[in-house]
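Descriptive structure summary
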Amino acid sequence: MIDTQLASYATPRQLEYLEAVEKYGSNNKAAQALGVGRRVVDKAMETLKLRAAQQGYSPEHDMRKPVPAGFTVKGVSTYYDEEGKARGQWVKSTADAAQREQMLRDAFEAMAEDLPRVKPTRAPVTQEHLATLYTLTDSHVGALCWHREGGHDWDLEIAERTLVGCFDQMVNASPAAHTGIVAQLGDFLHSDGLVPVTPTSHHVLDQDGRFSKVVSVAVRVLRRVIALALAKHERVIVLMAEGNHDMASSIWLRVMFRALFENEPRVEVIDSELPYYVHRHGKTMLGFHHGHLKKNDGLPMLFAAQFPQVWGATEKRYIHTGHRHHVEEKEHSGVTVVQHPTLAARDAYAARGGWMAERQVRAITYHSLHGEVARNTVVPEMLA
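My aim in this report is to walk through the structure given alongside it, one point at a time. Being a predicted model, the structure only gives us computed values, none of them experimental.

**Re the sheet that holds strand S11 (residues 316–321)**
Taken in spatial order, the five strands make up an open sheet running S9-S10-S11-S13-S12, and their pairing is mixed. Strand pairing shows two members of the sheet lacking a second neighbour, strand S9 (277–281) and strand S12 (328–332), which therefore form its edges. Pairs of neighbouring strands in the sheet enclose a mean axial angle of 15 degrees, with direction left out of account. Across five bridges, the pairing between S12 and strand S13 (residues 335–339) is antiparallel. Within S13, the position partnered with Glu331 by the bridge is Thr336. The strands touched by helix H9 (residues 299–306) are S9, strand S10 (284–288), S11, S12 and S13; relative to S11, the strand with the most contacts, the crossing angle is about 115 degrees.

**Remarks on the side chain of Arg266**
Its place among the elements puts Arg266 in the loop between helix H8 (249–260) and strand S8 (267–269). Although Arg266 is buried, it makes no salt bridge; Glu264 carries the closest opposite charge, 4.1 Å away. Looking at Arg266, its side chain comes within polar contact range of the main-chain oxygen of Arg122, at 3.4 Å. With sequence-adjacent residues up to four places away left out, Arg266 is seen in contact with Thr121, Arg122, Ala123, Pro124, Leu230, His233, Glu234, Arg235 and Val236.

**Looking at the pairing of S10**
In terms of burial, S10 is a largely internal element, five of the five residues being buried. Examined bridge by bridge, S9 and S10 share five bridges and lie antiparallel to one another. Paired with Tyr277 across the strands is Phe288, a residue of S10. Here S9 folds back onto S10, and the loop between the two strands holds two residues, one of which, Gly282, carries a positive phi near 65 degrees.

**What to know about the pattern of salt bridges**
Side chains that differ in sign of charge can pair as their charged atoms come close. All chains considered together, the criterion is met by 15 salt bridges. For Glu46, the salt bridge goes to Arg39, with nearest N and O atoms at 3.4 Å. Owing to a relative accessible area of 43%, Glu46 belongs among the partly exposed residues under this scheme. One salt bridge in this structure joins Glu149 and Arg352, with 3.7 Å as the shortest N-O distance. Of this pair, Glu149 sits in helix H5 (residues 147–150) while Arg352 sits in helix H11 (residues 348–353); the two residues are 203 residues apart in sequence, bridging distant segments of the chain. Three or more residues are tied together by salt bridges with common partners; here these are Arg254, Arg258, Asp271 and Glu273.

Thresholds, definitions, all that
Residues numbered from 1 in each chain as written. Predicted model: local features only at pLDDT ≥ 70, side-chain atom pairs only at ≥ 80, totals over all residues. Heavy atoms only, no water. Pairing = 2+ DSSP bridges. Helix = DSSP H or I, 4+ residues; strand = E, 2+ residues; numbered from the N terminus. Axes fitted to C-alpha atoms, helices over the stretch in contact; angles between N-to-C directions. Contact = heavy atoms within 4.5 Å. Buried < 20%, exposed > 50% of the residue type's maximum accessible area, 1.4 Å probe, protein only. Lys, Arg positive; Asp, Glu negative; His and termini not counted. Salt bridge = Lys/Arg side-chain N within 4 Å of Asp/Glu carboxyl O. Polar contact = N/O pair within 3.5 Å; in protein donor to acceptor, adjacent residues only side chain to side chain.

Rendered as C-alpha cells:
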C-alpha cells in the first residue's frame, strides 16, 4: 500500500515515481513503465521516506506530527502503555538551514520587486579589448577596530570614506577599458544579521552600530562604486560573492543589485548559487572564490572541472580570492591564483592572533588575448 501523504514531501522527480508505484502496484512495475532500473525507484522511495521523517512524518514509527516549514526534526520521544500503544510523544525540532535559506531567497526576490530601478546612462568611449578588475574583499563594513589594538581605527564612517575613496583612485588610475568588473569578493559585511556573530561558528564580533545602519552603509558604498565604474566603462560586471561572514547577506545583495540595475543594459550582476564564479573575457578566464571553502592550491582543478567550457576556450587564466587578508600570488599549471588583501583594519581577534598584512586594493587590467597588461595599487594613506 502506498501512503499518498508522502506526496507533500516529494520532489517533482520523487512524485513521479510515487505516482507510478501507486498506479502500477509495485516498485518493479513502476520502474519498467518509466524505463529506469528497479534500484532507482527503490532509492527514490527510501529517500522520500527519509525526507518525510526529517519533517516529522513516519507513521510506521508512530511519527505523525510534522514540523513547520523551515524546521527539521531533531528528536522524537514516544512512550507506550502496557499494551504497546503510543500514549504520548515529544517532538524536538531545529531550524532547517537549507529550507531557511530557500525561504530567505524567496523573500529577497519578493522585496526586490518594489525597488526603484536605475535609469540607463550614456556609455563612455572605451578600449574594446580591455577589461579592468576592481577587487574589494574582506571589507568588513560594520566592524569596530581600535588603533591601540590593531594599529588603525575602523568603523562605519571610516569604512565608507576609505572604500569609496580608494575605489575612486583605482578607477582614475586605470585605462578606459571596455569592461569594468566590480568584484566584491565576500565578507563585505562584518556580521550577517541582528546578532553580531559569525554565521557558522557564532564567534562574537566587535560591531559598530545596529545591523540596519551597517546595511545602509554597505548598500550606499556599493551603489557609489558601481556608479564610478559606469562612468568609466561601457560595460560593468558586478559580483557579490559569498563570504564566511555574510553568507545570507550575499544573497540579498545579489538580488537587490540585480533588481536595481534591471533597466540598465550596461550592468550585469553575476547570478550564481554556487560560491565559485567565472567570467570569460575573450581568451582570458577570470575566476572568483572568497577562499573560505577551498584552499588556493585546490582551486585550479576545481575550476577546470566546474567550468570546462570556459577553461577550454581560454589561454590566459586567473582565479581571484580573498579571505586571508594578505597578498599571495602563485602560478600553477595553466592558471594563476591571486589572493587579494583588505582595506579594513585589524580587529582585536586578528591583532591578538598576531596576523599582520599591508592594507591595499589593486586594479588589474586584462587584455582579451594577452591576459594581464596593467596593474595599479592604492593604499588608504593615499587618501590623506
